[in-house]
Amino acid sequence: MDLIRKNEKNLVYIVLLGIIFLGFYLCFIGGYGSDEDTLPMIYVFEAKLEGGRFVSSRYTGNPLAELGIGFLSHFFGSFAANLFTYIFLLLGLIIFYFAFNKDKSLEKLNFFIFLCLTSPILFFDNLEPIDYSWALFFFACGTFFFSKKLFELSVMFFAFSIGVRINYVLFVIITILFFQFDEKISFSRRLTIFFSSFVFGGLFYLPIWFDNNFGLSWLTAGRPIDQGFFGLLSRFLYKLYVSIGYISSFIVLVFLFKEFKRINKIKNIKVLLLLCLSNLLIFLWIPAEFSYIQLFLVILCLLIFNLYN
């Protein structure tokens, strides 16, 4: 049995390394990918660099990612931008794991990363210059430092995650308010940490706020409201089903139902479930790209990992 278990672990290591190196290779040959938001993000940086003009890649804009991806693409090319995006995914997964798990077992960490990288959405969508893994990385860092009570560092990284994707403000407030410590943290202190993160993260959006004459219509633009509620719901359910996997969806559903009684044993389960719910509600609000639910998919893998262990 020990020999079989050892062979199984070695197989996981080999497959995981194969997936990771495949990602590096695809970053090298992939160019700027096929996401329609990549080139507008690069253009934001180039427009400011060459003519001093302010433009936004999307309705809200994602200022920190536009700056980072634009800089890497302009000066170093597509491979550098792809590489940073992919590395941010890998580092984000590792840091997120340690934010919610004290077990430093390399075997368990490898299994969690293996679970995440077998998701086509998490793997392939982060091999091109796009901002999802950038936001996940900064949010994971913020959560990790918050869990270690290094609140000043957590504020900085939470603010960066908001600066990359503004919807992360919801994930930040949930984490700050509901993350459980061994020693109680006062509600007023939690509010102070969130307010600081919100203000510093919001500073990234001052240019687009000014450009819209201090209006806030840019926050809600881009929703496919012409489809009606049932149209949005249909897109939401179908894309959620596809994101988890045609066959995997049923396996995951049965597994979670079977192990539901054990779910309360997972540390900080309330935060994880609230993050999942909030991410799904955002996706229901605007069920556009599959990658909108990357955080949900990461947490789903974490739940499966913890229940399986």
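What counts as what
- Residues numbered from 1 in each chain as written.
- Predicted model: local features only at pLDDT ≥ 70, side-chain atom pairs only at ≥ 80, totals over all residues.
- Heavy atoms only, no water.
- Axes fitted to C-alpha atoms, helices over the stretch in contact; angles between N-to-C directions.
- Helix = DSSP H or I, 4+ residues; strand = E, 2+ residues; numbered from the N terminus.
- Left-handed = near helix turned anticlockwise from the far one by under 90°.
- Contact = heavy atoms within 4.5 Å.
- Nonpolar A, V, L, I, M, F, W, Y, C, P; charged D, E, K, R; others polar.
- Expected span 1.5 Å × (residues − 1).
- Buried < 20%, exposed > 50% of the residue type's maximum accessible area, 1.4 Å probe, protein only.
- Core = buried A, V, L, I, M, F, W, Y, C linked by side-chain atoms within 4.5 Å.
- Polar contact = N/O pair within 3.5 Å; in protein donor to acceptor, adjacent residues only side chain to side chain.

Remarks on the packing of helix H14 (residues 269-285) against helix H15 (residues 294-308)
Running from amino to carboxyl end, H14 crosses H15 at an angle of 145 degrees, the nearest separation of the two axes being 8 Å. Where H14 crosses over H15, the two elements pack in a sense that is left-handed. Note on element contacts: H15 touches H14 through Gln294, Leu295, Phe296, Ile299, Leu302 and Leu303, opposite Ile269, Leu272, Leu273, Leu275, Cys276, Asn279 and Leu280. Its residues assigned to classes, the contact of H14 with H15 comprises eleven nonpolar, two polar and no charged.

Some thoughts on H14
With 17 residues, H14 should reach 24 Å at 1.5 Å per residue; the first-to-last C-alpha distance of 24 Å fits that figure. Regarding H14, the residues found buried are Ile269, Val271, Leu272, Leu275, Cys276, Ser278, Asn279, Leu280, Ile282 and Phe283. The secondary structure elements touched by the buried residues of H14 are helix H4 (78-100), helix H7 (132-147), helix H9 (168-178), helix H12 (228-244) and H15.

Some words on the nonpolar core
Grouped together as the largest cluster of nonpolar side chains are 88 residues, with contacts concentrated most on Phe96, Phe112, Leu117 and Phe139. Those residues in contact with Phe112 that sit more than four places away from it in its chain are Leu93, Tyr97, Val298, Cys301, Leu302 and Phe305.

A word on the side chain of Ser57
Mapping Ser57 onto the fold places it in the loop between helix H2 (38-51) and helix H3 (63-76). Note on Ser57: relative accessible area 12%, which makes it buried. Polar side-chain contacts of Ser57 include one of 2.5 Å to the side chain of Glu66. Apart from residues lying up to four places away in sequence, Ser57 is in contact with Pro40, Met41, Val44, Asn62 and Glu66.

Keep in mind these values describe shape, not function.
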